[in-house]
Amino acid sequence: MKMTSCEEVIEELRAKLLKGEPFNKTDEHNFKELCELTGWTEEDVRNALVSNKTPPFHKYFTEAQRLELWLKKEEAARKLWGAVTALLCNNIKEVCVLEAVSVEPLVIYAKTLYCYAESLPTEGFRRRWEKCIKLFNELVEKKGGLMEEKRAERKRKLEEICKLYERARDLLEEIEIEIEELVKENDERDFIHYSEDDFAPLRLRRRELEYRTDKGYEVFVDKDGAIYLCRKDGTIIAER
């Protein structure tokens, strides 16, 4: 099946992003056109080009409703269109042909609103907006509901948090070994007090880690990674 010019542009931009090559002026123009076509942010378009996935539709739908409440018609209509394309398309290439192949009335209503939001009188915009919201909610319900989409996004974020937690645990264990060596260099009978968590420091404040030793000394790890052993009055005894 022959690719459309839109699909060819997507392949060209994707290839450059994957290779880390800069966009030329034509690429920049085409990229802006893709942002307009999809209704998505530049960041989401870049991610969609690389990952071949669409952004979460509920993010755009929520933002569209917020903007409409603030009477920002053009911005609200763009975000709503972004929600529609994210909902109905599995990848960014499908956006190229969405209007041609979709039988959903929502596509026509939302695209018309997106194109003519600025020229529509407030009451006319409101009527079309309410129609779009009704059709959007009906379509979401037909496709399995917003809940599953939110759960999938929440699961992804939890997985990211777990990875970061494991990395933080490993890093803190390395720091604590360094601290123990520093304390022993100054007094072999001293040791470190930790928090109830078996790896976390007693306190995290202003991006600094804080520990205490058995003899009341304090140990700080600052945001630049330096470790300081201090007396109660703040006098630095040793560092590394």
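Draft legend 1. Spatial organisation of the overall build of the chain. Across its full length, the chain carries nine helices and six strands. Looking at the 240 residues of the chain, the share that counts as buried comes to 38%. If you take every contact in the chain between residues at least 6 apart in sequence, the share linking residues at least 24 apart comes to 50%.

Draft legend 2. Representation of the pairing of strand S5 (residues 227–230) in the model. As defined by bridge partners, strand S4 (residues 218–221) adjoins S5 across four bridges and the pair is classed as antiparallel. By the bridge assignment for S5, valine 221 is matched with isoleucine 227. In this antiparallel pair of consecutive strands, S4 and S5, the connection spans five residues, and glycine 225 shows a positive phi of 95 degrees. The sheet contact formed by S5 and strand S6 (residues 236–239) spans three bridges and is antiparallel. Bridge pairing in S6 links cysteine 230 to isoleucine 236. Where S5 folds back on S6, the antiparallel hairpin that results is connected by five residues, among which glycine 234 adopts a positive phi of roughly 95 degrees.

Draft legend 3. Seen up close, helix H1 (residues 5–19). With 15 residues, H1 should cover 21 Å at 1.5 Å per step; its first-to-last C-alpha distance of 21 Å lies within 8% of that length. Turning to H1, its buried residues number three or more, namely Cys6, Glu7, Val9, Ile10, Leu13 and Arg14. Looking down the long axis of H1, one finds its buried residues gathered within 155 degrees of arc, a one-sided arrangement. Exposed residues pointing more than 90 degrees away from the buried face of H1 are listed as Ser5 and Lys19.

Draft legend 4. How the structure looks around the packing of aromatic side chains. Taken as a whole and judged by the stated rule, the model has five aromatic pairs. Judged by centre distance (5.8 Å) and plane angle (50 degrees), the rings of phenylalanine 23 and phenylalanine 31 are tilted. Phenylalanine 23 gets classed as buried once you look at its relative accessible area, which sits at 13%. With 4.2 Å between their ring centres and 10 degrees between their planes, phenylalanine 61 and phenylalanine 136 make a pair best called stacked. Of this pair, phenylalanine 61 sits in helix H4 (residues 57–69) while phenylalanine 136 sits in helix H8 (residues 122–142), placing them 75 residues apart in sequence. On the basis of relative accessible area, phenylalanine 61 is assigned to the buried category, the value being 7%. Overall, the relative accessible area of 0% leaves phenylalanine 136 in the buried class.

Draft legend 5. Geometry of the pairing of S4. Neither face of S4 is exposed, since Glu218 and Phe220 on one face and Val219 and Val221 on the opposite face are all buried. Here strand S3 (residues 208–213) runs beside S4; their pairing, made up of four bridges, is antiparallel. Looking at S4, one finds that tyrosine 211 is bridged to valine 219. The turn joining S3 and S4, which pair antiparallel and follow one another in sequence, is formed by four residues; a positive phi near 90 degrees is taken by glycine 216.

Draft legend 6. Main features of the pattern of salt bridges. With the rule as written, the count across this model stands at 15 salt bridges. With a shortest N-O distance of 2.6 Å, lysine 93 and glutamate 11 are connected by a salt bridge. Of the two residues, lysine 93 sits in helix H6 (residues 92–101) while glutamate 11 sits in helix H1, which places them 82 residues apart along the sequence. Residue classification places glutamate 11 among the partly exposed residues on the basis of a relative accessible area of 28%. Here the residues in one salt-bridge network are Glu11, Arg14 and Lys93, joined through shared partners.

What counts as what
Residues numbered from 1 in each chain as written. Predicted model: local features only at pLDDT ≥ 70, side-chain atom pairs only at ≥ 80, totals over all residues. Heavy atoms only, no water. Helix = DSSP H or I, 4+ residues; strand = E, 2+ residues; numbered from the N terminus. Buried < 20%, exposed > 50% of the residue type's maximum accessible area, 1.4 Å probe, protein only. Contact = heavy atoms within 4.5 Å. Pairing = 2+ DSSP bridges. Expected span 1.5 Å × (residues − 1). Arc of directions from axis to C-beta. Phe/Tyr/Trp six-rings, centres within 6.5 Å; stacked < 30°, edge-to-face > 60°. Salt bridge = Lys/Arg side-chain N within 4 Å of Asp/Glu carboxyl O.

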